[in-house]
Amino acid sequence: MKEILWTNRLGDIVYLTYPGWELLPGIRHGFSTRLGGFSTGPFSAMNLGFRGGDSPSLVAANRAHFLGTIWGRQEERLFYGEQVHGTQVCVLDRQVIRSGVQTIPQADALVTAEKEVLLGGFSADCLLALFIDLDHRVVGVAHAGWRGTINGILSHVVTVMQGQWYSEPGKIQCLLGPCIQSCCYEIGEEVEEVAANSPWSRQVVFREGMRKGRQNLDLMDTNRQILKESGIKKEHIFASQYCTCCHGDLFYSYRRVGGQPTGSLMGLIFLAG
Ligand SMILES: [Zn+2]
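What counts, and at which threshold
Every residue gets a number counted from 1 within its own chain, in the order that chain's sequence is written. A pLDDT threshold of at least 70 governs which residues receive local features in this predicted model, and a stricter bar of 80 or more applies before side-chain atom pairs are shown or counted, although totals over entire chains, interfaces and linings include all residues. The side-chain numbers reported here are obtained from all heavy atoms of the structure, hydrogens and water having been left aside. A helix here means a DSSP run of H or I that spans at least four residues, while a strand means a run of E at least two residues long, and both kinds are numbered starting from the N terminus. Here the globule rule is a power law, 2.2 Å times the number of residues to the power 0.38, and the radius of gyration is based on C-alpha atoms. Using a 1.4 Å probe on the protein chains alone, a residue whose accessible area is under 20% of its type maximum counts as buried, one over 50% counts as exposed, and one in between counts as partly exposed. Any two residues whose heavy atoms approach within 4.5 Å are treated as being in contact. Note that accessible areas follow from Shrake-Rupley with a 1.4 Å probe, and for residues the cover is restricted to the protein chains shown. The sign given to each residue is positive for Lys and Arg and negative for Asp and Glu; His and the chain ends receive no count. Lysine's charge is taken at NZ, arginine's at CZ, aspartate's at CG and glutamate's at CD. Pairing between strands requires that DSSP locate at least two bridges from one strand to the other. Here an angle of 0 to 180 degrees is reported between the N-to-C directions of two axes, which are lines fitted to C-alpha atoms, with helices fitted over the stretch in contact. Any N, O or S atom lying within 2.8 Å of the metal counts as a donor, with the limit raised to 3.2 Å for Na, K and Ca; because water is left out of the atom set, some sites can appear incomplete. Here a site with four donors is tetrahedral if all angles are between 85 and 135 degrees, and a site with four or six donors is square planar or octahedral if opposite donors are over 155 degrees apart and the other angles are between 65 and 115; anything else gets the irregular label. The rule is simple: put a 1 Å grid over the protein atoms alone, call a set of points where a 1.4 Å probe fits but cannot get out a cavity, call an open set with protein on both sides within 12 Å along at least five of seven lines a pocket, and count a residue as lining if it has an atom within 4 Å of a point. Grid points are joined across faces, edges and corners, and a volume is the space filled by probe spheres set on the points. For this classification, the nonpolar set comprises Ala, Val, Leu, Ile, Met, Phe, Trp, Tyr, Cys and Pro, the charged set comprises Asp, Glu, Lys and Arg, and every other residue, Gly included, is treated as polar. To estimate how far a helix should reach, multiply one less than its number of residues by 1.5 Å. Working definition: a ring pair exists when centres of Phe, Tyr or Trp rings (six-membered ring for Trp) sit within 6.5 Å. Plane angles under 30 degrees give stacked, over 60 give edge-to-face, the rest tilted. For this analysis, a salt bridge means a side-chain nitrogen from Lys or Arg found within 4 Å of a carboxyl oxygen belonging to Asp or Glu.

As for the overall build of the protein chain
Moving on, step 1. Looking only at helices and strands, the protein chain has seven helices and 16 strands in total.
Moving on, step 2. Its C-alpha radius of gyration of 17 Å places the protein chain within 12% of the 19 Å reference for a compact globule of 273 residues.
Moving on, step 3. With respect to the principal axes defined by its C-alpha atoms, the protein chain has extents near 50 × 45 × 35 Å.
Moving on, step 4. Taking all 273 residues of the protein chain together, the buried fraction comes to 56%.
Moving on, step 5. Long-range pairs, those at least 24 residues apart, make up 65% of the contacts in the protein chain between residues at least 6 apart in sequence.
Moving on, step 6. For the protein chain, the computed accessible surface area is about 11900 Å², with 50% contributed by carbon and sulfur atoms.
Moving on, step 7. Taken as two groups, the 25 positive and 26 negative side-chain charges of the protein chain have centres that lie 3 Å from each other.

Dropping the structure here:
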């Protein structure tokens, strides 16, 4: 199968987009890679996350460079969740935006109908999902590692879009970005235990692992099943096949470096004003 994400290059920056969404008027989206930017060593080079231990001034410079060069936007318009591996979805209405707090506490997903509000997610193996409801002009982003995935964070996003804007699940589109794929994602008993006790246990997809007696989690397929169960049409789910762990040249991967410091890529979506 062919990779659905297109590789774009502008100056030193390489970023990925889904061509089917590039034609949608007023909607901008993309995923960064590690190519471009100023960070060095394990963070080389387009590290967009503050958490890994990189120099904050370099991360800030990378963010300004990435947002400015590719999207012509400033970092002050960027909002993102604290990303605590939970299932909280924050609605970015005018009041939240006016407060100026860019990091939304406790949130792993954000949704908005406001223009020029940049929704970001950060990851180094976790799945970043982007949402669009064209009818109601709503966009969203979700950060889904194994815990958020198994607890159905993507379904929570759909529920919030329904409740807030009367979005019809059958019309919502979802783009699943690069993440650690089942080839590399061996998991332990803790994950199996949480899966067994989750209301989404029937949607969780495990694959046979490389090592005897061990299982791998299929993050992508699990989220796909949960989206379908939430009413999203399968033809509205677009999934990258990039494995962040296999492609060290393009992506940061926490698993590949064995828990050593690494950077983060960014998924981004917003309604252009
Ligand atoms: Zn892999």
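And the narrative resumes.
Structural notes on the sheet that holds strand β5 (residues 88-91)
Moving on, step 1. Strand order in the open sheet formed by six strands is β5-β7-β10-β9-β11-β15, with mixed pairing between adjacent strands. Bordering the open sheet on either side are β5 and β15 (237-239), each of which pairs with just one other strand. The sheet shows a mean angle of 15° between the axes of neighbouring strands, direction not considered.
Moving on, step 2. Relative to strand β11 (residues 173-176), strand β9 (residues 127-133) runs antiparallel, the two being bridged by four bridges. Residue pairing for β11: Ala129 is matched across the bridge by Leu176.
Moving on, step 3. Seen against the sheet, helix α5 (residues 153-165) touches β5, β7 (107-112), β9, β10 (138-144) and β11 and runs at an angle of roughly 30° to β7.
Moving on, step 4. Each of β9, β10, β11 and β15 touches helix α7 (residues 219-229); the most contacted strand, β15, lies at about 175° to it.

Overview of the coordination of the zinc ion
Ideal geometry at a metal centre: 109.5 degrees between donors when four sit tetrahedrally, and 90 or 180 degrees when six sit octahedrally.
Moving on, step 1. Surrounding the zinc ion are the protein donor atoms Cys183 (SG), Cys184 (SG), Cys243 (SG) and Cys246 (SG), which sit 2.3 Å from the metal.
Moving on, step 2. One way to put it: the four donor atoms around the zinc ion meet at angles of 103 to 114°, and that makes the site tetrahedral.
Moving on, step 3. Between consecutive donor residues of the zinc ion, the sequence gaps follow C-C-x58-C-x2-C. On the criterion of sequence distance, the pair formed by Cys183 in the loop between β11 and β12 (186-187) and Cys246 in the loop between β15 and β16 (265-271) is long-range, its members being 63 residues apart.
Moving on, step 4. Given the relative accessible area of 44%, Cys183 is considered partly exposed.

Structural notes on the layout of surface pockets
Moving on, step 1. The computed volume of the largest pocket comes to approximately 670 Å³.
Moving on, step 2. Forming the walls of the largest pocket are 29 residues, and the residues nearest its centre are Arg51, His85, Ser123, Ala124 and Ser264.
Moving on, step 3. Looking at the lining of the largest pocket, the elements with two or more residues in it are β4 (78-81) and β8 (118-123).
Moving on, step 4. Size it by volume and the second largest pocket reaches roughly 160 Å³.
Moving on, step 5. Only α7 and β15 provide two or more residues apiece to the lining of the second largest pocket.
Moving on, step 6. Ranked by residue count, the leading element in the lining of the second largest pocket is β15, at three residues.
Moving on, step 7. Split by residue class, the lining of the second largest pocket holds six nonpolar, three polar and two charged.

Some words on α5
Moving on, step 1. Taking 1.5 Å of rise per residue, 13 residues should cover 18 Å, and α5 covers 18 Å from first to last C-alpha, within 8% of that figure.
Moving on, step 2. Downstream of α5 by a residue or two, Tyr166 has a phi angle that is positive, lying close to 60°.

Quick notes on the packing of aromatic side chains
Moving on, step 1. In total, this model carries seven aromatic pairs according to the counting rule given.
Moving on, step 2. Ring geometry for Tyr18 and Trp21: centres 6.4 Å apart, planes at 75°, overall edge-to-face.
Moving on, step 3. Accessibility expressed as a relative area gives 0% for Trp21, which makes it buried.
Moving on, step 4. Consider the rings of Tyr242 and Phe251, whose centres lie 5.2 Å apart with planes at 65°: the pair is edge-to-face.

Section: the side chain of Thr262
Moving on, step 1. Here Thr262 is to be found in the loop between β15 and β16.
Moving on, step 2. On the basis of relative accessible area, Thr262 is assigned to the buried category, the value being 9%.
Moving on, step 3. In this structure, Thr262 is in contact with Pro42, Phe43, Gly52, Ala124, Tyr252, Ser253, Tyr254 and Val257, ignoring residues within four places of it in sequence.

Here's the deal with the pattern of salt bridges
Moving on, step 1. If you walk through the whole model with that rule in mind, you get ten salt bridges.
Moving on, step 2. One salt bridge in this structure joins Arg73 and Glu116, with 2.6 Å as the shortest N-O distance. Of this pair, Arg73 sits in the loop between α2 (56-71) and β4 while Glu116 sits in the loop between β7 and β8, and the two are 43 residues apart along the sequence.
Moving on, step 3. Where Asp135 meets Lys171, a salt bridge forms, and the shortest distance between an N and an O atom there is 3.1 Å. Of this pair, Asp135 sits in the loop between β9 and β10 while Lys171 is found in the loop between α5 and β11, placing the two residues 36 residues apart along the sequence.
Moving on, step 4. One continuous salt-bridge network, built from bridges that share partners, spans Arg207, Asp218, Asp221 and Arg224.

From the geometry alone we can't say anything about function, so treat these as descriptive.
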